[in-house]
Structures are given as structure tokens and as C-alpha cells.
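Okay, here's what each chain looks like letter by letter:
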Amino acid sequence: MATISLTGFFSNDLSIDLGTANTLVYARGRGIVLNEPSVVAVREDPRRGKIIEAVGVKAKAMLGRTPANITASRPLRDGVIADFTTAGKMIQYFIRKVHNNRYLRPRPRVVVCVPHGSNPVERRAIREATEAAGARRVFLIEEPMAAAIGAGLPVSEARGSMVLDVGGGTSEVAILSLNGIVYANSVKLGGDRFDEAIISYVRRNYSTLIGESTAERIKKEIGCAFPSDELLEVEVRGSNVAEGVPRSFSLNSNEILEALDEPLKSIVRLVRTALEQTPPELGADVAESGILLTGGGSLLRGLDKLIIEETGLPVIRAEDPLTCVARGGGRVLEMIDEQGIDVFTLEE
Amino acid sequence: MMEHMMENMKTEMKAMDAESPTELGLGAQLRLARERAGLGRAEAARNLRVTDRVIERLEYELFDELPAPIYVRGYLRQYAALLHMPPEETEEMVHLYNRTYAERPAPLIRESLRQRLVDRQFGFRVWPVLTVLVAAATLLGLWLFGGQPNLSQVSDVLQDKPATNAMPGADTTTMSGSQQQPSVVPQKTSPPAKPGKQRTMPVGRDEATAVSHNSHSPAGQDWQPDRAMSAKERARDNPDANANGQPPPGSLSGQEAQQSIQPGLAASSPTAAVPGLRDVQFQFSKDCWIEVRDADGRKILASMGRAGETKSIHAKAPLAVMLGNARGVAILVDGKKFDFSKYLNKSQISRFRIPAADNP
């Protein structure tokens, strides 16, 4: 126990946004110290068994480019742990990387942000993976709450605030007031689904196969959720299914808009449902102040305009939306120390 | 709200007169851009899906009446985009808003080991604990090195006894048979007091306390020395005395003690002069603050002297005197004028000492 306290003393408390696409780590007093893809590459060694070959950026570069004995994969799917062992190793790697202390094994307190819709089994898996990675105490906080705190919403006031967090694997909407969640809903749909929609569209219309990385690049460069005056184009290379050889062709932003139609409709439906379910007083507050967009998916061009058109409410994109959840978790750690653990409904 | 709007309009008019767009506030910039774009306030509000009031509050910089800063920054960006303002100008406006109105986020600084110790590991308890430790150490030090009553304090204890007639202000530690006569009780030599104007300050602590507590005496009517201070000082100087000012049971009574210290001097002449005791008279021509401490550092006078008043004290010198508005005071020491003009400074505050004896 004393050893744990001592090593904990030399560790920075952490907030981890364990996302499907990216993992962000916020160290208390230092800010965002790590932002890497949630990808792990595992090598099959005939003598030593499975060995972690690379984690994060290096592993992502291996996606789709690995030989038979190396597997690059995402240990999280739809916001929850799909491969427990690999996820634990990944968290351990990130915690060690943040502390960078060769002599003492870090024992930080960790706030992990989990999707609102995750079930107890999934939460337990996340907790155990974090504890196995060396955390001395683990708190779980729901992502919409962390995102709202990180974005600077007045969640402690008796005033309704609405946040839409579009992540890599899930999209979550929540109405918050007085440090609590009044209403929240989650769909397993996010940036990954956008990529899959683009891959399907290209295969359907161009008979060409493209990989996840290419689809993500297309999404970032010309992806949009609402028609704009400007027509953007990008050159794409893929494997033609009919000819069996690589081909290149160009895609424009209107095509991507068409490709993303289905997942975007689901997100709009999620927001509409939330507004219908919101108590009238809080709904009035939301109608006055607006909806806040966070998460990497909110960077999709025109997503705010789409929701403005569909709901008739003001929509504001958070500043630095990718890091809102991790920053919010860090702020929660500070608030726990300042005001006690009862300030939020946290799972220990 | 109206006043605020008027102030904004005035600022805007001044800035327009100066023909310098950078001097315009961000609300004024937005309003001018909207007018240039030919948009009405209602139309702009409709485009942004906000109410007219939000646009009005943005243009008149009534940010306190808008939702949280994160929303205001969003509104500013969207409004600027609607008015086709350049992105640099928009960000400048947002920075201006952050600097002026929004709370700044706490700087993210790497925690030092000391901060960790203070803030995290020990939480809130470290400062109270440190304070208590420092206070305990100070008290211990005082008790060991400064808290022991010395002979002068023994003499004070003796003087505090009501029955005693020990000499007030006399330092018995320095007495010798040829120098001082502790059993001598000096008679008040202050000039006759004018009721309500001229007062005689007793020197000895017992007498001073008696005056301050005795509202019947003419001298004690309007002179109110700091009673709490007096009690504190007594407590400090007489650690062995109990709350009633009585010496502890084991100690000698005043007369006995004096006899035990100087048995041969008990019957000395009561009219003998005591070196170091001086009569000082302060004559006020203007209102002036005065504070006098005697040779033992005791505050024997701290009050406001009104114009036309005279205050007299009879105390053991050297006396530390502090005067505010010093030009409004004349000082007579043993009937002779005391010149303190060299101690005057620009602020009219004068600090000086009246020596135990005049220089030859």
C-alpha cells in the first residue's frame, strides 16, 4: 500500500479519452500529452508467442500494409473494448509513455471517459484493463458529461445545456443540468461509419476498392454534410474490382455528401429524439443557447449547418473539439480534489 | 441596459470621428458590417437561428446577458461568417472578447514537486498544520529565550499589586543604593489640569490602568487608553500575575519584595528626584495624532490631540514619540521647549526620542 502511495506520488493523474479512432491522454497540470490512434500492431512470434510490435501512430501506418505474421488492429469498436488483452497493453503503453519514468512504475489515478450507452460488462472491461495497466484508482465518467465540461459548458448551473459528441465509433447526445445528465442517448455510429459509407459508395459507383486510410483521407479533405457553394475534388487511387488493377479517379464533395447521407440522417434523428424527450424548461434553455458540437466527427464540413437546418436551433462547434472529452476528464480530476468526489456521479 | 447602450454608442461615435476602425469595439464592428451588408437585425437573427435579442446583445456588447462564453464565441464566429468578415478579423474579435469578457482558462503549467506536495498529496491540510507548527515553534522560542520574566518584569509584577506603592516607571534592576530609591513614590508634578483640556498621564502601569479604568477622575474622563492593549501588555509583561493582577501565591508582596531587594532604602525620602523621569507637555495648535512609548516600550499615550488642547505626561525617558501633523504641536520637556523640527519630514509625520537627560 505504501509502495502504491509512493509511486502514485510521482505519477501525474490522468484523464483518458479511450476512443475508437484516437486515444487522448490529459495529464493533470500538463495538458494534453498524448494523442495517438487507437491501433495496436501485434507480431506472431513462433517461439515467444504474441508480441506488441507497435502502438499508436506507428501501428496506424501499418494498417492494411502488414505481412502475415503482423496484425494491425483497433482494440476498440463502437466505443468499447473489443479485444481486452490488446486494449490493456495499449493503455499500459500510453500510461508508461506519458510518465516516461524508468525506475518507478507509474500508479496514477485515472479518469476514463466511457460512452453513455456502454453496458456494465463493457465498463468493467475498461476498468480492468486500466487497472491492469497500473492505475491505482479508476473513475469512469460518461463521455457527454466530460465533453461538456471540457468545452466549457455551464454544467453546474440550473440551466439546460445540450451537447452532441460525434466520435469515431459512437455519437452521443445529452442534455445536462446541475452537474448531471437529464437525458442522454447514444448510437453506435461515428467517424468510422462515415469511412465505411465512403468505401461502400466508391465500390458501388466506381467498382473500386479503397482502404480505411484512403476513406479517412477523402472524408477529411472533401467530406461535407451540407451542400456548399464550393465544390471540392480529390484524386483517389484504388483497386478496380472488374479489372483487378489499381486505378485512379476523382471524387467531389457532392458525391461524398451523397455517400454520407445515411449516417448523417441517423445523427439528425438522434438529435431530434433528444429534443422531443427534453423537459420543456430545459428545452427552452437549449432553444435559446443552442447545441454544442464536440468530437472529431463534428469537424465534418457543414455538420453544424445541417443540424441548424434540421432543428431550427443555433448550433455551435466547440473550440478544439477533438480534445474536449479528455480535457473534461482532466477538469473532473481537479474538481474531485477541490470539491470532493460527490460533485459528479462517478463510478469507482 | 440603456446606459450601457448609450456608452457604447458614444464610444463608437468617438471612434468613427477618429476614423480609426481598430478603435471600434467588437459590437460596433459587427453592427457596421451588418449595415454595410444591408442586413436588418431581424434578418440576421433569422439566418443564425437565434432571437433578435441575441444579435442586439452582441452588437451592444451586453455579454453578461448571453449564455456561457463558449456560446458567445460561437455566435460571434457565425455572425462574422454571415457578414462575410475576413477570418483574421473574426479571430481578432474572438480574442478581444476572450481578453475583455470571458474567463481565461487556467494556465497549464507542469507541477513542481512543491506544488504536488502542497496541492495534491496533503490536500487542504498542509497549511493549517504548517501554521500550527510555526506558531508552536515561535511560542516555544519565546518561552525558552524571551518568555522568562527578568528582574524588571518582577518589579512590574510588584508594581501591579494594588496595595503596593512602588515607584511607577522606575527600573529596579538598575538601582543601587546610591542611584535610585525604589520605595520613593513620586508625587505628580504635572501642572494643574484644566478640566477637559489638560490631562496628566500617569507613568506607572498601575496608575495608568487606574486612570483608564477610573472614569470618575477628571483626567480619565476623555482619555481612553487602549484597554485591550493595556491588558495584553500586562499579561505579556507579567506572566506570573493572575487575571486579577495579583502576584502568584509564591511571590512576595510589593512592599516585602522591595524591602527584600533594597531593605535599606525603604525609609528613604519620598521627595527624592528620580533620574529618567520627565515631565512632558504637548500643546496642540492643530489637530494631531500622538503616540508616546516610555523607556520600557509601553504605550502610555495614543490619542488624537485637538487644537487648543494640552496633554501632559510624567514618564520614564527616553520616550519614543510619534506625531502626525507635527507642525501643530509644541513640546515642553520639564518646562523647557523641546525642538524637534529636525525630525520633521514632508509628510508631517515626526518620530523622535526625548532623551532621559538634557545634553550638557
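Residues numbered from 1 in each chain as written. Chains lettered and ligands numbered in written order. Predicted model: local features only at pLDDT ≥ 70, side-chain atom pairs only at ≥ 80, totals over all residues. Heavy atoms only, no water.

Caption draft 1: Region of interest: the overall build of chain A. Of the regular secondary structure elements, chain A holds twelve helices and 18 strands. Looking at chain A alone, contacts between residues at least 24 apart form 61% of all its contacts between residues at least 6 apart. For chain A, the computed accessible surface area is about 15,000 Å², with 48% contributed by carbon and sulfur atoms. (Helix = DSSP H or I, 4+ residues; strand = E, 2+ residues; numbered from the N terminus. Contact = heavy atoms within 4.5 Å. Areas by Shrake-Rupley, 256 points an atom, 1.4 Å probe, with all protein chains shown as cover.)

Caption draft 2: The arrangement of the packing of helix α3 (residues 41-48) of chain B against helix α5 (residues 69-82) of chain B in detail. Residues and elements named next belong to chain B. Across the interface, α3 lies against α5 with an axial gap of 10 Å and an inter-helix angle of 115 degrees. Between α3 and α5, the interaxial angle falls into the category roughly perpendicular. In the packing of α3 onto α5, the handedness of the crossing is right-handed. Contacts between α3 and α5 involve Ala44, Asn47 and Leu48 from the first element and Gln78, Tyr79 and Leu82 from the second. Considering only residue class, the contact of α3 with α5 consists of four nonpolar, two polar and no charged. (Axes fitted to C-alpha atoms, helices over the stretch in contact; angles between N-to-C directions. Parallel < 35°, antiparallel > 145°, perpendicular 65-115°, else oblique. Left-handed = near helix turned anticlockwise from the far one by under 90°. Nonpolar A, V, L, I, M, F, W, Y, C, P; charged D, E, K, R; others polar.)

Caption draft 3: Spatial organisation of the sheet that holds strand β6 (residues 319-323) of chain B. Residues and elements named next belong to chain B. Read across the sheet, four strands follow the order β4-β3-β6-β9 without closing on themselves; strand pairing throughout is antiparallel. A single partner strand is all that each edge strand has here, and the edge strands are β4 (299-305) and β9 (350-354). Strand-to-strand, the axes of this sheet are offset by a mean angle of 15 degrees, without reference to chain direction. As paired elements, strand β3 (residues 288-293) and β6 share four bridges and run antiparallel to each other. Bridge pairing in β6 places arginine 293 opposite alanine 320. (Pairing = 2+ DSSP bridges.)

Caption draft 4: Summary view of the packing of helix α2 (residues 26-37) of chain B against helix α6 (residues 87-100) of chain B. Residue and element names in this part refer to chain B. Remark: α2 packs on α6, axes separated minimally by 10 Å, with the N-to-C direction vectors making an angle of 150 degrees. Packed against α2, whose contacting residues are Leu26, Gln29 and Leu30, the element α6 presents Glu89, Met93, Leu96 and Tyr97 at the interface. Split into classes, the residues belonging to the contact of α2 with α6 amount to five nonpolar, one polar and one charged.

Caption draft 5: Inspection of the nonpolar core at higher detail. Membership of the largest hydrophobic core comes to 50 residues, with the highest contact counts inside it found for Leu153 of chain A together with Leu30, Leu58, Leu76 and Tyr79 of chain B. At seven residues, α5 of chain B tops the list of elements feeding residues into this core. (Core = buried A, V, L, I, M, F, W, Y, C linked by side-chain atoms within 4.5 Å. Buried < 20%, exposed > 50% of the residue type's maximum accessible area, 1.4 Å probe, protein only.)

Caption draft 6: The packing of aromatic side chains, seen in detail. Counted according to the given criterion, the structure contains six aromatic pairs over all chains. Geometrically, the ring pair formed by tyrosine 206 of chain A and phenylalanine 249 of chain A is stacked, given 4.5 Å between the ring centres and 15 degrees between the ring planes. You can see tyrosine 206 of chain A sitting in helix α6 (residues 191-206) and its partner phenylalanine 249 of chain A sitting in strand β16 (residues 246-252), a full 43 residues away along the chain. Looking at phenylalanine 249 of chain A, the relative accessible area reads 11%, which means it is buried. Where phenylalanine 338 of chain B meets phenylalanine 352 of chain B, the ring centres are 5.6 Å apart and the plane angle is 25 degrees; that geometry is what we call stacked. Taken as a pair, phenylalanine 338 of chain B in strand β8 (residues 336-338) and phenylalanine 352 of chain B in strand β9 lie far apart in primary sequence, 14 residues in all. The burial state of phenylalanine 338 of chain B is the same as that of phenylalanine 352 of chain B; both residues are buried. Feature note: the residues Phe338, Phe340, Tyr343 and Phe352 of chain B constitute an aromatic cluster, connected by ring pairs. (Phe/Tyr/Trp six-rings, centres within 6.5 Å; stacked < 30°, edge-to-face > 60°.)

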